[in-house]
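As a plain string of letters, each chain reads:
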Amino acid sequence: MYVLLKKKQEKQQKRERSKVARKRISRGRLETPSEVLSRINEVFGEGTVVLGKDVTPTYFCPTGIPCLDVALGGGIAENKFTEVFGEFSSGKSTFAYDFGTQWQGVHPSGIVFISDLERNFDKKYGKLRGLDLDRVIVHQPSSGEDAGNAISTFVDACPEGLIILDSVAALISESFYEKDMSEREVAPIARLCGAIIKKVHRATKSAPNAPGHTVLFLNQTRTSIGVMWGDPNHSPGGQFKDFTCSQIIYLKRLKKDRKKKTVGGETVDEVDSYNIGFEVKKDKVSHGLGARGELSFLLKDTSYLKAPGFDVAISALKQARIAGLVKKSGASLVYTVGSKTISGEKNILLHFASAKARRELVAKILGERAILVRTVGEKTVVKPPTVKAKIKPRLG
């Protein structure tokens, strides 16, 4: 009740300030931009408006996959909306776990909130991917409204967080359970997704080192019938989501890496890994639109990576070869790091198995843009999250 009264008072004060501002500005014309800026900041508070030259750039949190980090100009944009959609078994959940691990390393006081609508969260696999489960909150809602209300409450209670919605396609309204199976509802997923975005949008901030909320939507694919030209694949959730997201990444499962193996006297095919293609469908913050590439997804441990998942070492090697940092000397590959020279593909892969080595490689390729990429252990100006009074907003 106290929180609602406080919000009502803040709205009333905002209206009064607006009235005073209109009266002051109407008294005389202001000529220079600095005069207008100082007048608006005087009425509405310092930092309300800034000059174009003083607008802070967007910072990025690395995904941990070198090919993708380079394509996105550093990684996932912080304090903004990002969508990752693709086919089944294309690595979406693994990508979310890996990014959550990277985000926790960059934000030591932040909390990861996972809205598990599909109810497939695996704590063992999450821990294997590096997630700190003590700083992960998992919510398995019964409906889309329940998910939206929980996310809105988390935004009010926690000043800094990563919100993972898995998945948008699983947003089911409460009215669906009350109706008969034959009754249809117009765009239920789009309405729910739009309401959640509106609730969370006020919490996203773009100031440097300021706490805020980064939102990662996981989504599925749908195929439009009758599309003869262009890509028939799209993601459910409506166009409002597409317009709001700063980055949209499409993942597609490609060919499998089959190997022959003899079992009980018979030769069978064994799949150790498969390739996943990615395409940046939208990028408003780093101009990576249209960037494409391939990622290798391991199903078994290797000599340089001790857990299944994205083969980040191979990804780093491919990116280093494209950038011309790994060169061919005779029959072997050579990579130079400072005064040290590493020869042989296996030795280079062992070198890139280190997260620090991969970050240094991405920084070399990005050049000046590397200053916008957060590093693991970097301190942010944020206090430890404190739980506020319980708020029960409703999605209309």
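Everything that follows concerns the structure shown earlier in this document.
Just so you know, the residues in each chain are numbered from 1, in the order the chain's sequence is written. The predicted nature of this model means local features are confined to residues of pLDDT at least 70 and side-chain atom pairs, given and counted, to a pLDDT of 80 or more, with totals for whole chains, interfaces and linings taken over all residues. Excluded from the side-chain calculations are hydrogens and water; all other atoms, namely the structure's heavy atoms, are used.

1. A short note on the pairing of strand S3 (residues 81-86)
Then, in step 1: Using a 1.4 Å probe on the protein chains alone, a residue whose accessible area is under 20% of its type maximum counts as buried, one over 50% counts as exposed, and one in between counts as partly exposed. Counting from the N terminus, the helices are DSSP H or I runs at least four residues long and the strands are E runs at least two residues long. Where burial is concerned, most of S3 is hidden: six out of the six residues are buried.
Then, in step 2: Residue alternation in S3 divides its side chains into two sets, Phe81, Glu83 and Phe85 and Thr82, Val84 and Gly86, and both sets are buried.
Then, in step 3: Only strands that DSSP links by at least two bridges are regarded as paired with each other. Pairing between S3 and strand S7 (residues 213-219): five bridges, direction parallel. Bridged to Glu83 within S7 is Phe217.

2. Quick word on the pattern of salt bridges
Then, in step 1: Salt-bridge detection follows one rule: a side-chain nitrogen of Lys or Arg within 4 Å of a carboxyl oxygen of Asp or Glu. Counting across every chain of the model gives eight salt bridges.
Then, in step 2: Salt-bridge contacts for Lys281 lead to Glu279; the nearest nitrogen and oxygen are separated by 3.7 Å.
Then, in step 3: By relative accessible area, which is 31% here, Lys281 ends up partly exposed.
Then, in step 4: One salt bridge in this structure joins Glu279 and Arg292, with 3.4 Å as the shortest N-O distance. A residue pair is termed long-range when its members are at least 10 positions apart, and Glu279 in strand S11 (residues 266-283) and Arg292 in strand S12 (residues 292-298) qualify at 13 residues.
Then, in step 5: For Arg292, a relative accessible area of 65% translates into the label exposed.
Then, in step 6: Each of Glu83, Lys241 and Asp242 takes part in one network of salt bridges that share partners.

3. As for the side chain of Gln247
Then, in step 1: Note that Gln247 resides in strand S10 (residues 247-263).
Then, in step 2: Judged by its relative accessible area of 0%, Gln247 is buried.
Then, in step 3: Distance and chemistry together define a polar contact, namely a pair of N or O atoms within 3.5 Å, with one atom able to donate a hydrogen and the other to accept it when in protein, and with adjacent residues in sequence counting only for side-chain atoms on both sides. Within the structure, the side chain of Gln247 is placed 3.2 Å from the backbone oxygen of Gly75, a separation counted as a polar contact.
Then, in step 4: In this structure Gln247 touches Phe60, Leu72, Gly75, Ile76, Ala77, Phe81, Thr82, Glu83, Lys282, Asp283, Val285 and Ser286, once residues within four positions along its chain are discounted. Contact definition: two residues touch when any of their heavy atoms are within 4.5 Å.

4. Thoughts on the packing of helix H10 (residues 312-322) against helix H12 (residues 355-366)
Then, in step 1: Between N-to-C directions, angles cover 0 to 180 degrees, with each direction set by a line fitted to C-alpha atoms, over the stretch in contact for helices. Interaxial distance between H10 and H12 falls to 11 Å at its minimum, and their mutual angle equals 25°. Compared by their axis directions, H10 and H12 come out roughly parallel. Here H10 runs over H12; the crossing is left-handed. Two secondary-structure elements touch here, H10 through Val312, Ala316, Gln319 and Ala320 and H12 through Arg358, Leu361 and Ile365.
Then, in step 2: Residues were grouped as follows: Ala, Val, Leu, Ile, Met, Phe, Trp, Tyr, Cys and Pro as nonpolar; Asp, Glu, Lys and Arg as charged; and all remaining residues, including Gly, as polar. For the contact of H10 with H12, a count of residues per class yields five nonpolar, one polar and one charged. Any angle that is under 35 degrees is reported as roughly parallel, and any over 145 degrees as roughly antiparallel; angles of 65 to 115 degrees are reported as roughly perpendicular and all others as oblique. Each helix crossing is assigned a hand: it is left-handed if the near helix lies turned anticlockwise from the far helix by less than a right angle, otherwise right-handed if that turn is clockwise.

5. A short note on the pairing of strand S14 (residues 326-329)
Then, in step 1: In this structure, S14 lies alongside strand S15 (residues 332-337), joined through four bridges in antiparallel fashion. For Lys327, the partnering residue across the bridge sits in S15 and is Val334.
Then, in step 2: What sits between S14 and S15 in their antiparallel hairpin is a turn of two residues, with Gly330 showing a positive phi close to 70°.

6. Topic: the sheet that holds S15
Then, in step 1: Read across the sheet, three strands follow the order S14-S15-S16 without closing on themselves; strand pairing throughout is antiparallel. Each edge of the sheet is formed by a strand with only one pairing partner; in this case those strands are S14 and strand S16 (340-343). Across the sheet, the mean angle from the axis of one strand to that of its neighbour is 35°, orientation sign disregarded.

Purely geometric stuff here, so don't read any function into it on its own.
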